[in-house]
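# Chain and residue survey
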Amino acid sequence: MPFNFSKITLLVLAVIASRPALSEDKPTQKDESDIEKLIITASPLGRSVLQSSTPVSILSGDELEKNQSATLGETLKSMPGVNSTYFGPVASSPIIRGLDGPRVKVVQNGMDSSDASRVGPDHIATTETSTATQIEVLRGPSTLLYGSGAIGGVVNVVDNRLPKTRQEGLSGRVSALHDTVSNERTVSTDINGGQDKFAWHLDAFSRKSDDYDIPEFTLEDGDILDTLENSDIDSQGFTLGAGWVGDDVTLSLAYGRLETDYGIPGHAHDEHEEEGHDDEEGHEEEEHEEEMEDEEAVFARMKQDRFQSVIDWKNLSGWFTEAHWHNAYTEYQHSEIEGGEVGTTFKNDSIESRLWAKHAAVNGWQGVVGLHYTSSDFSAVGEEAFTPSTESTSSALFVLEEKQLATFYGN
């Protein structure tokens, strides 16, 4: 499905609204209003930040806008306990408490992103921060519901692709970002609408950047460099979602498409250069080899199609008070291209399903019981296919119980 968001002309309307004055007697503190409203969607108990007994951090609102970057790792690196793997400015993943790769799980609306970012640091995570509403970072015991592959932590990128609340009329936002270091141009939009019990969602983004400017320095051969070669990005994507929001039942479906071409700095084969050292005539051939290296700079081409669905049952009678069924199907492909030819291709087709129910309180205990199923078909074909093709399935039963014994107040 060809998609070129950059060709769409966006009309940006700036609406200036006055903000009500705060009370003169006592100004409202952030922890009295904003924090309490932040619900941890990755927790099946639906706790807020202040109610949660497990270590969870949330990046949202103005903070998310301020820290937004082209990669997930760079967006989160300012959070306490979080750092970033750095494969140039084009690919990075979160490091949580010193752990990364297969020990940190990245999920989209609670479901695995199903990409190859855990295989190598030069593979980007297929989650887009410019259209996200909040990003949740879970540590410690709060990661247990996501399996042993999340021992280091879980990063949950949340957006509005699965409408769960009624929407009357039309609302949305358009944002633009530009930097002078790489000449990055990012435009994104998030639109929500609906009528009666029907709600819909549309988001889209386009990001382009040139090679990064770096401090000028001179190489041994006298060449002067002032840019990080092969560090450009060309990325675009969109998501469509629709939902029926009833009094007791909510059904939502979403489809997302993501396409990204990005350079991989320093990742180019130098076999021609090695041959040049053995040639005494050297000079002319070295110039030819430099041209060949420029032509053979490696870049990655990533594509992903993702389908998600949610069914929520509320106000149930009996032992269970509510139930939820979340599903995701993902087709992912990542190719490394050199000199116009595909060198290595990674593919991952996955199905994930999670069903859980919340039971009525029993002697102060609140909790959920559920089932989780995943199926993955992963393959790597090409010159640098260092991981074998695998087909894997897993099933799990989980139970989570929580009881508040007392309230602790501290200064």
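Note that this is a predicted model, so its numbers are computed, not measured. (Residues numbered from 1 in each chain as written. Predicted model: local features only at pLDDT ≥ 70, side-chain atom pairs only at ≥ 80, totals over all residues. Heavy atoms only, no water.)

This part takes up a negative patch on the surface. Together, E331, D349, D377 and E391 give the surface a local cluster of negative charge. Tracing the backbone shows D349 in strand β17 (residues 341-359). (Patch = residues over 30% accessible without salt bridge, like charges linked within 9 Å, V, L, I, M, F, W, Y side chains within 5 Å. Areas by Shrake-Rupley, 256 points an atom, 1.4 Å probe, with all protein chains shown as cover. Salt bridge = Lys/Arg side-chain N within 4 Å of Asp/Glu carboxyl O. Lys, Arg positive; Asp, Glu negative; His and termini not counted. Charge placed at Lys NZ, Arg CZ, Asp CG, Glu CD. Helix = DSSP H or I, 4+ residues; strand = E, 2+ residues; numbered from the N terminus.)

As a working rule, side chains carrying opposite charge can pair if their charged atoms are close by. A complete count under the given rule lists 11 salt bridges for this structure. A salt bridge links R207 to E128, with the nearest nitrogen and oxygen atoms 2.7 Å apart. Placement of the pair is R207 in strand β10 (residues 198-209) and E128 in the loop between β5 (111-112) and β6 (134-138), with a sequence separation of 79 residues. Each member of the pair, R207 as well as E128, is classed as buried. One salt bridge in this structure joins D247 and R166, with 2.8 Å as the shortest N-O distance. In this pair, D247 sits in the loop between β13 (233-245) and β14 (249-263) while R166 sits in the loop between β7 (153-158) and β8 (169-179), placing the two residues 81 residues apart along the sequence. (Buried < 20%, exposed > 50% of the residue type's maximum accessible area, 1.4 Å probe, protein only.)

Next up on the list: the sheet that holds β5. Strand order across the open sheet formed by 5 strands is β1-β6-β7-β4-β5, with mixed pairing between neighbours. Either end of the sheet is taken by a strand with one partner, and the two such strands are β1 (56-60) and β5. (Pairing = 2+ DSSP bridges.)

Note: strand β16 (residues 320-338) against β17, 18 bridges, orientation antiparallel. For E336, the partnering residue across the bridge sits in β17 and is T344. Two successive antiparallel strands, β16 and β17, enclose a turn made up of 2 residues, where G339 displays a positive phi of approximately 60°. As paired strands, β17 and strand β18 (residues 365-382) are joined by 15 bridges and run antiparallel to one another. Among the inter-strand pairings, I351 is bridged to a residue of β18, identified as S375.

Spatial strand order, β8-β9-β10-β13-β14-β15-β16-β17-β18-β19: 10 strands in an open sheet with antiparallel pairing. Across the chains shown, the open sheet's two edge strands, defined by having one partner strand only, are β8 and β19 (390-403). Strand-to-strand twist of the sheet, defined as the mean angle between neighbouring strand axes without regard to direction, takes the value 10°. With 14 bridges joining them, β18 and β19 adopt antiparallel strand pairing. Across the sheet, the residue bridging to G367 is E401, located in β19. (Axes fitted to C-alpha atoms, helices over the stretch in contact; angles between N-to-C directions.)

In a soluble, globular protein the nonpolar side chains are often hidden away together inside. By size, the foremost hydrophobic cluster in this structure holds 15 residues, and its most contacted members are L72, L76, I135, V137 and V155. Of all the secondary-structure elements, those providing two or more residues to this core are α3 (72-76), β4 (104-108), β6 and β7. Those residues within four positions of L76 in sequence are excluded, and the remaining contacts are L59, V82, P94, I135, V137 and V155. Among the nonpolar cores identified, the runner-up in size contains 14 residues, and L45, V56, L145 and V154 belong to it. (Core = buried A, V, L, I, M, F, W, Y, C linked by side-chain atoms within 4.5 Å. Contact = heavy atoms within 4.5 Å.)

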